[in-house]
Amino acid sequence: MANSLCVHAHAKINLYLDVIGKRPDGYHELETIFHSIQLHDDVIIRKCRGEKITVHCDHPKVPCDEQNLAHRAAKLMIEKVEDIRGVELVIRKRIPVAAGLGGGSADAAAVLWGMNQLFELNLTQADLMRLGVQLGADVPFCLLGGAALGRGIGEILTPLPPIETPLVLANPGFEISTAWVFQNHNFLLTMPTENVRILVCCLQNGDVLSLADKLHNSLEEPVFLRYPAVAALKAKLAQFDGNKGVLMSGSGATVFVLMQGSTESHRLAKQIESEVAFCTVTTTSKVGLCIA
Ligand code: ATP
């Protein structure tokens, strides 16, 4: 039996996101289309003799205590399975933090899924998703991976056929609090949106061009008002040759550009890398998690 496992925890983008209501418990009801991307963190899970959960991560913005979502995921697994006492987690962060790419959720999903494999627990995907939603609304999707329509708070998932396309991610270098964005979302100011069903059809038909034309995120409105630099970044990226569509992901501030090809993607990245804090060329992914 192995003593450790390295899991690739993939980031996500939202090809569509609309806030459709607020629940009495304060959570927002969403309609969203998630897609996994190749950009990933490495999450190493090691069995250990002690009765502690330890997290090592050298990213200055990522806590290593109980506030770390991966730590909380390990605690949930330990509470559920009496035989496991402690575990050591090493997180190599590549996904920008608080950037709308679901990095913390991906790490948490990697711990749930990876511990299930490493300790041969035989929990089903439904079991893992029930644990995952206790940690965050995006964790169930990170467990599922690929492409999916998300309803409820994002946890009621309908799998969709993933698409294959290169993309460029650009981040202006400041963090945006997801809670702040939802608090400042104004239903009255939001324009009537394209129906999510149109995008679902585009995915079902593998029609990337039409899909790229219909990208939508109603959270852009509060973010662009408070952070005009994100609006300016989106406008700039939309001018580059070879772009098929540009959108802010999740609650921002990362903006993604669906690209025609890899050559155009690298050309774009080269042209803007000196102007943004983070820029990378990646592609969509069919999976959210895999063993490294
Ligand atoms: P969401 O939209 O789900 O809030 P996000 O992609 O915008 O996610 P994350 O990268 O998950 O943002 O980070 C959100 C906050 O969570 C940060 O303030 C960070 O300190 C904290 N955090 C806790 N655990 C992690 C982790 N493993 N990786 C990254 N951030 C983490």
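As the structure is a computational prediction, the values presented were derived from the model and not from experiment. (Residues numbered from 1 in each chain as written. Predicted model: local features only at pLDDT ≥ 70, side-chain atom pairs only at ≥ 80, totals over all residues. Heavy atoms only, no water.)

J.: I'd like to hear about helix α2 (residues 103-118), residue by residue, with values.
T.: In this model, α2 (16 residues) spans 22 Å end to end at C-alpha, consistent with the 22 Å of a helix rising 1.5 Å per residue. With 13 of 16 residues buried, α2 lies mostly within the body of the structure. Once α2 ends, the next one or two residues include Glu 120, with phi positive near 45°. (Helix = DSSP H or I, 4+ residues; strand = E, 2+ residues; numbered from the N terminus. Expected span 1.5 Å × (residues − 1). Buried < 20%, exposed > 50% of the residue type's maximum accessible area, 1.4 Å probe, protein only.)

J.: Tell me about the site of the ligand, residues and numbers included.
T.: Around the ligand, a shell composed of 21 residues is seen, among which Lys 93, Ala 98, Gly 102, Gly 104 and Thr 178 lie nearest. One of the backbone nitrogen or oxygen atoms of Gly 102 is found 2.6 Å away from an oxygen atom of the ligand. Within the contact set of the ligand, an oxygen atom lies 2.8 Å away from a side-chain nitrogen or oxygen of Thr 178. Relative to its unbound accessible surface of 610 Å², the ligand loses 79% to contact with the protein. If you map the ligand onto the pockets, it falls in the largest pocket. The biggest single contributor to the shell around the ligand is α2, with four residues. In terms of residue class, the shell around the ligand is made up of eight nonpolar, nine polar and four charged. (Near = heavy atom within 4 Å. Polar contact = N/O pair within 3.5 Å; in protein donor to acceptor, adjacent residues only side chain to side chain. Areas by Shrake-Rupley, 256 points an atom, 1.4 Å probe, with all protein chains shown as cover. 1 Å grid on protein atoms, 1.4 Å probe; cavity = no way out; pocket = protein on both sides within 12 Å on 5 of 7 lines; lining within 4 Å. Sits in = over half its atoms within 2 Å of the grid points. Nonpolar A, V, L, I, M, F, W, Y, C, P; charged D, E, K, R; others polar.)

J.: Tell me about the pairing of strand β10 (residues 255-259), residues and numbers included.
T.: Counting buried residues along β10, five of its five residues qualify, which places the element largely inside the surrounding structure. Here β10 shows a buried face lined by Val 255, Val 257 and Met 259 and a second buried face lined by Phe 256 and Leu 258. Bridge analysis of strand β7 (residues 166-171) against β10 gives four bridges, and the strand direction is antiparallel. Across the sheet, residue Leu 169 finds its bridge partner in β10, namely Phe 256. Note that strand β9 (residues 243-248) and β10 share five bridges and pair antiparallel. Its bridge partner being in β10, Asn 243 is matched across the sheet by Met 259. Between β9 and β10, which pair antiparallel and follow one another directly, the connecting turn spans six residues, one of which, Gly 250, has a positive phi of 50°. (Pairing = 2+ DSSP bridges.)

J.: Can you tell me about the nonpolar core, naming the residues and giving the values?
T.: If you look at soluble globular proteins, the nonpolar side chains tend to sit buried side by side. Residues Ile 33, Leu 89, Leu 112, Met 115, Leu 211 and Phe 256 are the most contacted members of the largest nonpolar core, which totals 72 residues. It is α2 that contributes the most residues to this core, eight residues altogether. In this view, Leu 89 contacts Ile 44, Ile 45, Ile 53, Thr 54, Val 55, His 56, Ala 70, His 71, Ala 74 and Val 111; residues no more than four positions away in its chain are not counted. In terms of nonpolar packing, the next biggest core, distinct from the first, is built from 24 residues, Val 181, Ala 253, Ile 272 and Val 276 among them. (Core = buried A, V, L, I, M, F, W, Y, C linked by side-chain atoms within 4.5 Å. Contact = heavy atoms within 4.5 Å.)

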